[in-house]
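Descriptive analysis of the structure
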Protein chains: 2
Amino acid sequence: MKFGALPLTKLVEQFASLPGIGRKTAQRLAFYILTLTKEQAKEFADAILDAHEKIRYCSVCKNYTDREHCEICEDETRDSSLICVVEDAKDVAAFERTREYRGLYHVLGGLISPMDGIGPDQIFVKELLVRVQSGEVREVIMATNPTVEGEATAMYVGRLLKPFGVRVSRLAYGIPVGSDLEYADEVTLFKALENRSEI
Amino acid sequence: MKFGALPLTKLVEQFASLPGIGRKTAQRLAFYILTLTKEQAKEFADAILDAHEKIRYCSVCKNYTDREHCEICEDETRDSSLICVVEDAKDVAAFERTREYRGLYHVLGGLISPMDGIGPDQIFVKELLVRVQSGEVREVIMATNPTVEGEATAMYVGRLLKPFGVRVSRLAYGIPVGSDLEYADEVTLFKALENRSEI
C-alpha cells in the first residue's frame, strides 16, 4: 500500500501492530494523528514513552504502578484481610469499576497452562503465598476467568492456600462461562462478588 | 476509572481520544504498550512525532508527502493527462490499492458543504483549475464520495472545468450510494473507474 510517504507508512504500520487494529483502522488513526496540533502529537508520543518508562509492578500485589506500591495497596481505608486474585491488571480495573469491592488484589500475571508451558513458577503464586503467610489475610477470593485455565489455576492456588487456614472462595457463576472478565458489566461483576462460594 | 498510576491513565486517555476507539479498547491498547520492549515503545512514539513533523501537502496534488512533490506526482511512468479528483488522502490510498489506475490525483481536502460553511475557497479547487489550465490535462475524473456533498462538489467542479475543453467524467455507480469510498473493495473501485460516465 502506498501512503505517499515513508513516515506515514511507518505510522500506519505501528498502529496496525496493535492488537485488534486492522490495516484500515490503522490508516484512519494515522491520518487522524496528522490532523493534531504539534503539542497534541508530542503529548501522545510522550504518554507512550512515559507510561513505558515509569510503570512497573507493585512490589506487593503485582498490579501496575509508577511507585513502589500501587494506589490500592497504599490505601489504608481498604480491607487488607481480603485479597482478590486476578489474572492481570485489566481485571483489577474491571473490579474497581464496580466501586463495591474494598479489599486488596493480587495479580497473577497469567494463568497456569501446561499446554503453553506456564506452570505456577511462571506466574506470581509464590508472592501470594508470602502475603497469606504474613497472617493478616482472612479470605482469598479466586477471581480468575471462568475458563479451563482459570478454573484450574483457582483450584490449584486454592489447594495451596487451604493449609494457612484462610477462607478461599471463588466468584459466583453469575459471570457467563467462557467469556472474558474484562468485558463483564459492573452489575454482573458485583453479583459475582456477592455470591462467591467456598472452594 | 483507576488504572493504578497516572502515566497509565494518561496513555489510556490518549488512545481513547482517537476516532472510533472506546474506553475499553483504549485500555487494552495501553496495556499492550506496556508489554513492548523499550525500543519498540520508542519506535512507536517516534513514528508519531516523525509523521507529524515531516508530512505535508504535495505542492501539486495536495496528497500527503514528506517532500515537495508526492511519489505519485514524481512518477514519470504515470499518465499526467489524467487527474482523479478525490476528497482526501485516504481515497488516494484506496485507488492505489486497485493497482489499475495509472493517472495522477488531486486531493480537494474536503467537499463543498454550505451547511458546514465550506465553500469552493475552503478546499483545493483553485489549485485544480491551475493544473488544468496548464493544458497537459486531457480528462478529469470526479471521484468524490457518492453522497449529497460529494455529488454537489463533483457537479460544481465539473462545471468550472468544462470551459477548459477537458473531458470531465464521474465514477460509475458501481459504488453503493451513501457509503464511504475508503471502505469500498478493490474490485468495486476498479469497476467504478472503468464505467465512469461523462458529466
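Residues numbered from 1 in each chain as written. Chains lettered and ligands numbered in written order. Predicted model: local features only at pLDDT ≥ 70, side-chain atom pairs only at ≥ 80, totals over all residues. Heavy atoms only, no water.

1. Let's talk about the domain arrangement of chain A
- What the domain assignment lists for chain A is domain 1 (6-54) and domain 2 (75-170).
- A C-alpha centroid distance of 35 Å is found between domain 1 of chain A and domain 2 of chain A. (Domains from an automatic or database assignment.)

2. Some thoughts on the relation of the copies chain B and chain A
- With an RMSD of 0.1 Å, the fit of chain B onto chain A corresponds to turning through 180° and sliding 0.0 Å along the axis. Expressed as a symmetry operation, the mapping of one chain copy onto the other fits a two-fold axis. Scanning chain B for the C-alpha nearest the rotation axis identifies A45 of chain B, at a separation of 2.1 Å.
- When the interface residues of chain B are mapped onto chain A, 100% of them again fall at the interface, so both copies present the same face. (Least-squares fit on C-alpha atoms with pLDDT ≥ 70 in both. Contact = heavy atoms within 4.5 Å.)

3. Here we look at helix α3 (residues 38-54) of chain A
- When the terminal C-alpha atoms of α3 of chain A are compared, their 24 Å separation across 17 residues agrees well with the 24 Å that a helix rising 1.5 Å per residue should span.
- Those residues of α3 of chain A that sit buried are A41, F44, A45, A47, I48, A51 and H52 of chain A. Around the axis of α3 of chain A, the buried residues are gathered within 140° of arc, so they sit on the same side. Opposite the packed face of α3 of chain A, turned more than 90 degrees from it, sit the exposed residues K38, E39 and E53 of chain A.
- Those residues of α3 of chain A hidden inside the fold are in contact with α2 (23-34) of chain A together with α1 (6-16), α2 (23-35) and α3 (38-54) of chain B. (Helix = DSSP H or I, 4+ residues; strand = E, 2+ residues; numbered from the N terminus. Expected span 1.5 Å × (residues − 1). Buried < 20%, exposed > 50% of the residue type's maximum accessible area, 1.4 Å probe, protein only. Arc of directions from axis to C-beta.)

4. Some details on the state of the cysteines
Residues and elements named next belong to chain A.
- This structure, assessed with the given rule, holds 0 disulfides over all chains.
- C61 takes part in no disulfide bond, and the closest cysteine sulfur, belonging to C70, lies 3.6 Å away.
- Here C84 stays unpaired: no disulfide links it, and the sulfur of C61, its closest cysteine neighbor, is 11 Å away.
- Given the relative accessible area of 0%, C84 is considered buried. (Disulfide = S-S within 2.5 Å.)

5. Concerning the pairing of strand β5 (residues 139-142) of chain B
Residues and elements named next belong to chain B.
- Here β5 shows a buried face lined by E139 and I141 and a second buried face lined by V140 and M142.
- Bridge count between strand β3 (residues 79-86) and β5: 4 bridges; the pairing is parallel. The partner of C84 across the bridge, within β5, is I141.
- Here β5 pairs with strand β6 (residues 167-170) via 4 bridges, running parallel. Considered in β6, the bridge of E139 is made with R167.
- The β-α-β motif built from β5, the intervening helix α7 (residues 148-161) and the parallel element β6 has right-handed crossover chirality. (Pairing = 2+ DSSP bridges. Right-handed = clockwise from strand over helix to strand, strands pointing away.)

6. Description of the pairing of strand β3 (residues 79-86) of chain A
Residue and element names in this part refer to chain A.
- The buried count for β3 comes to 6 of 8 residues, which makes it a mostly enclosed element.
- In terms of strand pairing, β3 meets strand β4 (residues 103-107) through 5 bridges, oriented parallel. What sits directly across from D79, in β4, is G103.

7. Details of the interface of chain B and chain A
- Contact residues are listed per partner, giving 51 residues for chain B and 52 residues for chain A.
- Contact between chain B and chain A buries roughly 5500 Å² in total, counting both sides, with carbon and sulfur atoms accounting for 68%.
- There are 0 salt bridges connecting chain B and chain A.
- Seen at the junction of chain B and chain A, the total is 6 residue pairs in polar contact (both at pLDDT 80 or more).
- Elements represented by at least two residues in the side of chain B that touches chain A include exactly α1, α2, α3, β2 (64-65) and α5 (89-98) of chain B.
- Element by element, the count of residues in the side of chain B that touches chain A is highest for α3 of chain B, at 13 residues.
- By residue class, the composition of the side of chain B that touches chain A is 30 nonpolar, 7 polar and 14 charged. (Buried area = accessible area lost by both parts, 1.4 Å probe. Salt bridge = Lys/Arg side-chain N within 4 Å of Asp/Glu carboxyl O. Polar contact = N/O pair within 3.5 Å; in protein donor to acceptor, adjacent residues only side chain to side chain. Nonpolar A, V, L, I, M, F, W, Y, C, P; charged D, E, K, R; others polar.)

8. A few points about the packing of aromatic side chains
- Summed over the entire model, instances satisfying the criterion amount to 12 aromatic pairs over all chains.
- The interplanar angle of 15° and the centroid separation of 5.9 Å between the aromatic rings of Y57 of chain A and Y64 of chain A together place this pair among those described as stacked.
- Through pairs of rings, three or more aromatic residues link up here, namely F31 of chain A together with Y57, Y64 and F124 of chain B.
- A cation over a ring is seen here: K62 of chain A above F124 of chain A, with NZ or CZ 5.0 Å from the ring centre. (Phe/Tyr/Trp six-rings, centres within 6.5 Å; stacked < 30°, edge-to-face > 60°. Lys NZ or Arg CZ within 6 Å of the ring centre and 35° of its normal.)

9. Structural notes on the pattern of salt bridges
Residues and elements named next belong to chain A.
- Under the counting rule described, the total for this entry stands at 18 salt bridges over all chains.
- With a closest N to O distance of 2.9 Å, D50 and K54 form a salt bridge. A residue pair is termed a helical-turn pair when its members lie 3 or 4 positions apart in one helix, as D50 and K54 do in helix α3 at 4 residues.
- With relative accessibility at 29%, the residue D50 sits in the partly exposed group.
- The partly exposed category is assigned to K54, whose relative accessible area is 42%.
- Between R67 and E74 there is a salt bridge, and its shortest N-O distance comes to 3.7 Å.
- Since its relative accessible area comes to 36%, R67 is described here as partly exposed.
- When salt bridges that share partners are traced, they join D66, R67 and E74 into one network.

10. A closer look at the nonpolar core
- In this structure, F15 and I48 of chain A together with F15 and I48 of chain B are the most contacted members of the largest nonpolar core, which totals 46 residues.
- Counting residues per element, the ones that place at least two in this core are α1 (6-16), α2 and α3 of chain A together with α1, α2 and α3 of chain B.
- When neighbours within four sequence positions are excluded, I48 of chain B is seen to be in contact with L11, I33, A41, F44, A45 and I48 of chain A. (Core = buried A, V, L, I, M, F, W, Y, C linked by side-chain atoms within 4.5 Å.)

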